[in-house]
Amino acid sequence: MRRALALARKGLGTTSPNPAVGAVLVRDGKVLGEGFHRRAGLPHAEVEAIEDARRKGNVPKGATLYVTLEPCCTTGRTPPCVDRIVREGIARVIVGMVDPNPLHQGRGLARLTGEGIEVEQGLLEEEARELNRPFARWITRGRPWIVQKSATSLDGRIGTRAGDDRWLSGPASRRMAHRLRWEVDAILVGAETVRTDDPALTVRLPGGKGKRQPWRVVVSRSGRLPAELRLFTDSARERTLVFQNFPLPMLLGELGRRGVLRVLMEGGGKLAGSLLAEGLIDEIALFLCPMILGDGPLSVDSPHRLLGTHFRLKECKRLGDDLFLRGIRTDREGTIEEGGGGIA
């Protein structure tokens, strides 16, 4: 199952609005075939693993299939995976987590059991849930998972008054920032950030292929933005959306209707503060840079009173001279708030 999870992660950023799923086909301790879901409309992970086995001259009949998410049982862009599993004569299916889609939940497993296939669920379930929290949020609540990304000084500043905020972080951190962009379906910024920095908000990951440019989403009260900005003039200009005077929950609901599962919030401090105040930040990705600026805009600057937001640390590593931290929002008891900020 750990191998299946590693395979599934290869699909992060390219499968939306589908979940990221990996699968491994095994018999007598030997891997017969493996695969992952690459893109919506392409074969699912289970079919990829079966086809990989056949290409290698291995017969799936009687084998065990490890898959990170319950196999689908309905026809969408592709046929139901359960039909292929039954047809191939696979004897046992071990699932990481049940499909969170209320319309499908448990139906695939029931179908397999009804066909005489041995089914187990819950192996490395927490890791499987971690992988697809954005999909679970979207399919049950109608809004995407929001990741706040910031590069800050030790005193929480994202730049100086002079505006030299682009180079707080080092080269390794900037490469990681593009990895984060790869994983999302939209990048969210405030109008002030756009006017000040004229960002491209494009994915520039060395060797990266097959990724569609995420939506570039600008929140603006006035809607007055210079027409010559790169967001409106470059080759990805059709992937730019401007929301004027739009309540944030409604904005996220609109992105959800466009099939956006994961959003990277890149600036600025006022937008971050507003999202936090409304309970709409689900995860943080923080680049902590070894400097003290003493002045300048804060990474979180809210007109609302923030009573404290708790995060569970899930990653901490050094990137050059910077420290990279990732955390998921929890309540005060440390429970992950799966349903926070949902759209009614």
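Note: the structure precedes this text.
Below is a summary of the structure that appears in this document. These numbers were taken from a predicted model, which means no experiment stands behind them.

What follows is about the environment of glycine 33. As for its placement among the helices and strands, glycine 33 is situated in strand S2 (residues 30–36). Residue glycine 33 is classed as buried on the basis of its relative accessible area, which comes to 0%. Taking the C-alpha atoms as reference points, glycine 33 and glutamate 48, 15 residues apart in sequence, are found 8.2 Å from one another. Discounting chain neighbours no more than four positions away, the residues touching glycine 33 are Val24, Leu25, Ala49, Asp52 and Ala53.

Let us now look at the sheet that holds strand S4 (residues 92–97). Judged by pairing direction, the sheet is mixed, and its 5 strands sit side by side in the order S2-S1-S3-S4-S5 without closing on themselves. Single-partner strands in this sheet number two, and they are S2 and strand S5 (118–121). Neighbour to neighbour, the strand axes of the sheet diverge by 15° on average, direction disregarded. Those strands touched by helix H4 (residues 107–114) are S4 and S5, and its axis lies near 150° from that of S5.

Judged by nonpolar contacts, the single largest core of 37 residues is most densely connected at Leu25, Leu65, Ile85, Ile90 and Val93. Contact partners of valine 93, with chain neighbours within four places excluded, come to Leu65, Val67, Pro71, Ile85, Leu112, Ile117, Glu118, Val119 and Glu120.

Assignment of secondary structure puts arginine 157 in the loop between strand S6 (145–152) and helix H7 (171–183). Buried and unpaired, arginine 157 has no salt bridge, with aspartate 155 as the nearest side chain of opposite charge at 4.2 Å. Ignoring sequence-local partners within four residues, the contact set of arginine 157 consists of Ala151, Thr152, Leu168, Leu293, Gly294, Asp295, Gly296, Pro297 and Leu298.

A separate point is the pattern of salt bridges. For the coordinates displayed, the defined rule picks out 31 salt bridges. Ionic pairing is found between arginine 84 and glutamate 88, a salt bridge with its closest N-O pair at 2.8 Å. Within this pair, arginine 84 and its partner glutamate 88 are both found in helix H3 (residues 81–88), separated by 4 residues, close to a single helical turn. The buried category is assigned to glutamate 88, whose relative accessible area is 10%. A salt bridge links arginine 216 to aspartate 234, with the nearest nitrogen and oxygen atoms 2.8 Å apart. Of the two residues, arginine 216 is situated in strand S8 (residues 215–220) and aspartate 234 in the loop between helix H9 (230–233) and strand S9 (240–244); the sequence distance between them amounts to 18 residues. Given the relative accessible area of 18%, aspartate 234 is considered buried. Linked by salt bridges that have partners in common, Glu126, Glu130, Arg133, Arg179, Glu183, Glu283, Lys314 and Arg326 make up one network.

This brings us to unusual backbone geometry. Here the bond from serine 16 into proline 17 is cis, since omega is 5°, no more than 30 degrees from zero. Its place among the elements puts proline 17 in the loop between helix H1 (2–9) and strand S1 (22–27). With a phi close to 55°, aspartate 28 is a non-glycine residue in the positive phi region. Secondary-structure assignment places aspartate 28 in the loop between S1 and S2. Given a relative accessible area of 77%, aspartate 28 falls into the exposed group.

Cut-offs used in this document
Residues numbered from 1 in each chain as written. Predicted model: local features only at pLDDT ≥ 70, side-chain atom pairs only at ≥ 80, totals over all residues. Heavy atoms only, no water. Helix = DSSP H or I, 4+ residues; strand = E, 2+ residues; numbered from the N terminus. Buried < 20%, exposed > 50% of the residue type's maximum accessible area, 1.4 Å probe, protein only. Contact = heavy atoms within 4.5 Å. Pairing = 2+ DSSP bridges. Axes fitted to C-alpha atoms, helices over the stretch in contact; angles between N-to-C directions. Core = buried A, V, L, I, M, F, W, Y, C linked by side-chain atoms within 4.5 Å. Lys, Arg positive; Asp, Glu negative; His and termini not counted. Salt bridge = Lys/Arg side-chain N within 4 Å of Asp/Glu carboxyl O.

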